[in-house]
Amino acid sequence: MTKARPALTLREPAELVEQGLAPASALSALERVASRYAVALTPELAGLIDTSDPDDPIARQFIPSAAELDARPGENADPIGDYPHSPVPGIVHRYPDRVLFKLVHVCAVYCRFCFRREMVGPGKESALSDSAYRAAIDYIRAHPEVWEVILTGGDPLMLSPRRLAEIMTDLASIEHVRIIRLHTRVPVADPDRVSDEMVAALKAEGATTWVGLHANHARELTEAARAACARLVDAGIPMVSQSVLLRGVNDTIEALSDLMRAFVECRIKPYYLHHGDLAPGTAHLRTTLAEGQELMRQLRGRVSGLCQPDYVLDIPGGAGKSPVGPNYVTAVQNTAAHERERGMETRYRIADYCGDTHLYPPET
C-alpha cells in the first residue's frame, strides 16, 4: 500500500512517523540519526514508498535507520579522498583534464548512503561564498588542462535558473573548458523543478552541457521524472546515469536490469554503477565486490549492450575510480608445439556470457 504523497518535503523524523513512513517506536533512534545526518524526502519520492513493505527499496534509500549509528572500522568522513585533491575551496582536481566544482551543499533529498553525508545538509555551509566562487573560477581559468568541469555538491540544480545561467556563462567563457557536466537527483526527486527556464539556463554558448542523473531503482523513473528528463534531452542536452549498488535496493539481477532498461528508455546512457563507499554508518547498505561482479556478469548476458554501466570503485584515500567488473580474459600458455615454433607463445581463454570458455586464437 502506497500512502498519499505529502504536500511538503519531510525533514524531521516525527514527520516521517506521522506519515506512516517510520514506526513510532523508532523515533528516538531516528532523531539521533537526524542530529548527525541530514534528512529530506520530497513528496514525489515519499509517494512511491509502499508502506506495507518493510523492505521497500525506495524507503531504504531515504528513510533514516538506526543502523546509521553503527560506524564500522575503515569507514571515513571523506571516503573517496576529496580533501587531499582540493587546491581551493569548492574544487577537487583529482584527474588531469577535469575538476569537480562543488557549488552547494544542499540537496532536494538526502540519501542514507551518501559519501558526502558529513558535508551536506542543514548546519553545513550551504554554498560557496562569492570570494570562494571567484577563486574557484580563477583556478579553472589558470589550468588549461581542464577540459571538463563537473558541477556537484550537494545538487547544483538546487540553485535558481538565474544563478545557474550565470555559472554556466562564467565557465563557458573559459576557452579550454569544453564540457560542463551536472550531477543531479532533481529530475526524480522534484521533477517540476526541471522547468523550461531551468533547461534553458543549463545551456551556454562555447561549451557542451551533459547531465548525469542519479537513480537507483526503476520505480524512481516515474512518468513525471521521465518527462523532466525528456525536457533536457529534447533541448539537446545528453544524459548519462549514475547509480550505487545497494543491498536491498538494486542488488538482484531483476532490479538492476529493470533500472538500466528504464534509463535507456528515457534516452539516458547507463554510465557508472558505483560500489558503495565507506561512508560512516552505511555498512547495512553495502554489498561485497564479489556480489557486484556476479551481478555484472549476469547483466552482460541478460540485457542489451546499451544497458551496460561500468562497475567502479572509488579507491579510499583519493586514488580515483577503478573498474572492478568481472574479468573475461585469462592468458594461458600455448601447448601446441607447431604454433610455438611460429612464435605464438600465448593464447587467451575468453568467457562468454553463458559462462563457457573459448580459446583465442582458436587452436589449429
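Just so it is clear, the structure is predicted and the values come from calculations on it, not from any experiment. (Residues numbered from 1 in each chain as written. Predicted model: local features only at pLDDT ≥ 70, side-chain atom pairs only at ≥ 80, totals over all residues. Heavy atoms only, no water.)

**A closer look at the overall build of the protein chain**
Okay, so step 1: Helix and strand content of the protein chain: twelve helices and twelve strands.
Okay, so step 2: By the compact-globule yardstick of 21 Å for 364 residues, the protein chain fits well, its C-alpha radius of gyration being 22 Å.
Okay, so step 3: A principal-axis box enclosing the C-alpha atoms of the protein chain has dimensions of 75 × 55 × 40 Å.
Okay, so step 4: Evaluated residue by residue, the protein chain yields a buried proportion of 50% over its 364 residues.
Okay, so step 5: Here the analysis covers contacts within the protein chain between residues at least 6 apart in sequence; of these, 73% occur between residues at least 24 apart.
Okay, so step 6: Total accessible area on the protein chain is roughly 16400 Å²; 53% of this is exposed by carbon and sulfur atoms. (Helix = DSSP H or I, 4+ residues; strand = E, 2+ residues; numbered from the N terminus. Rg over C-alpha atoms; globule rule 2.2 N^0.38 Å. Buried < 20%, exposed > 50% of the residue type's maximum accessible area, 1.4 Å probe, protein only. Contact = heavy atoms within 4.5 Å. Areas by Shrake-Rupley, 256 points an atom, 1.4 Å probe, with all protein chains shown as cover.)

**Notes on a negative patch on the surface**
Okay, so step 1: The grouping of Glu12, Glu15, Glu18 and Glu31 at the surface amounts to a negative patch.
Okay, so step 2: Structurally, Glu12 is set in the segment before helix 1 (13–18).
Okay, so step 3: Judged by its relative accessible area of 47%, Glu12 falls in the partly exposed class. (Patch = residues over 30% accessible without salt bridge, like charges linked within 9 Å, V, L, I, M, F, W, Y side chains within 5 Å. Salt bridge = Lys/Arg side-chain N within 4 Å of Asp/Glu carboxyl O. Lys, Arg positive; Asp, Glu negative; His and termini not counted. Charge placed at Lys NZ, Arg CZ, Asp CG, Glu CD.)

**Here we look at the pairing of strand 8 (residues 310–315)**
Okay, so step 1: Sheet topology places strand 7 (residues 268–274) next to strand 8; three bridges connect them, and they run parallel. Within the sheet, the bridge partner assigned to Tyr272 lies in strand 8 and is Asp310.
Okay, so step 2: Pairing of strand 8 with strand 9 (residues 320–323) involves four bridges; the strand directions are antiparallel. Pairing of Leu313 across the sheet is with Ser322, part of strand 9. (Pairing = 2+ DSSP bridges.)

**Brief notes about the sheet that holds strand 3 (residues 148–152)**
Okay, so step 1: Taken in spatial order, the nine strands line up as 1-2-3-4-5-6-7-8-9 in an open sheet, and their pairing is mixed. Of all strands in the sheet, those with a lone pairing partner are strand 1 (91–95) and strand 9, marking the two edges. Neighbour to neighbour, the strand axes of the sheet diverge by 30° on average, direction disregarded.
Okay, so step 2: Here strand 4 (residues 179–184) runs beside strand 5 (residues 208–214); their pairing, made up of six bridges, is parallel. What sits directly across from Thr184, in strand 5, is Leu213.
Okay, so step 3: The sheet contacts of helix 5 (residues 130–141) involve strand 1, strand 2 (98–102) and strand 3, and relative to strand 2 the element is tilted by about 175°.
Okay, so step 4: Along the sheet face, helix 9 (residues 223–234) touches strand 5, strand 6 (239–244) and strand 7 and points at about 140° away from the line of strand 6. (Axes fitted to C-alpha atoms, helices over the stretch in contact; angles between N-to-C directions.)

**A word on the pairing of strand 3**
Here is the key point about a regular strand: its side chains alternate between the two faces of the sheet.
Okay, so step 1: With five of five residues buried, strand 3 lies mostly within the body of the structure.
Okay, so step 2: Alternating positions in strand 3 separate into two faces, Glu148, Ile150 and Thr152 on one and Val149 and Leu151 on the other, with burial throughout.
Okay, so step 3: Across five bridges, strand 2 lies against strand 3 in parallel orientation. Residue pairing across strands places Lys102 opposite Thr152, the latter belonging to strand 3.
Okay, so step 4: Summarising the sheet, strand 3 and strand 4 pair through four bridges and their orientation is parallel. Across the sheet, residue Ile150 finds its bridge partner in strand 4, namely Arg181.
Okay, so step 5: You can see the chain leave strand 3, run along helix 6 (residues 161–172) and come back into strand 4, and the turn it takes is right-handed. (Right-handed = clockwise from strand over helix to strand, strands pointing away.)

**Details of the side chain of Lys102**
Okay, so step 1: Structurally, the position occupied by Lys102 is in strand 2.
Okay, so step 2: Those residues in contact with Lys102 that sit more than four places away from it in its chain are Asp82, Gly90, Val92, Arg116, Met119, Leu128, Thr152 and Gly153.

**Remarks on empty space enclosed by the protein**
Okay, so step 1: Applying the stated rule across the entire model yields one cavity of 30 Å³ or more.
Okay, so step 2: Estimated volume of the largest cavity: approximately 50 Å³.
Okay, so step 3: Contributing to the lining of the largest cavity are Tyr37, Ala38, Tyr110, Cys111, Arg112, Cys114, Arg117 and Val120.
Okay, so step 4: Looking at the lining of the largest cavity, its residues break down into six nonpolar, no polar and two charged. (1 Å grid on protein atoms, 1.4 Å probe; cavity = no way out; pocket = protein on both sides within 12 Å on 5 of 7 lines; lining within 4 Å. Points joined across faces, edges and corners; volume = space filled by probe spheres on them. Nonpolar A, V, L, I, M, F, W, Y, C, P; charged D, E, K, R; others polar.)

**Focus on a nonpolar patch on the surface**
Okay, so step 1: A grouping of Val329, Tyr348 and Tyr360 is seen on the molecular surface, where their side chains present a nonpolar patch of about 300 Å² in accessible area.
Okay, so step 2: When its relative accessible area of 36% is taken as the criterion, Tyr348 is described as partly exposed.

**A word on the sheet that holds strand 11 (residues 346–351)**
Okay, so step 1: The antiparallel open sheet is built from three strands, whose spatial order is 10-11-12. In the strand order of this sheet, the two ends are held by strand 10 (329–333) and strand 12 (357–360), each with one partner. For this sheet the average axis-to-axis angle between neighbouring strands, irrespective of direction, equals 30°.
Okay, so step 2: Pairing of strand 11 with strand 12 involves four bridges; the strand directions are antiparallel. Paired with Ala351 across the two strands is Thr357, which belongs to strand 12.

Spatial relationships are all this shows, so hold off on functional conclusions.
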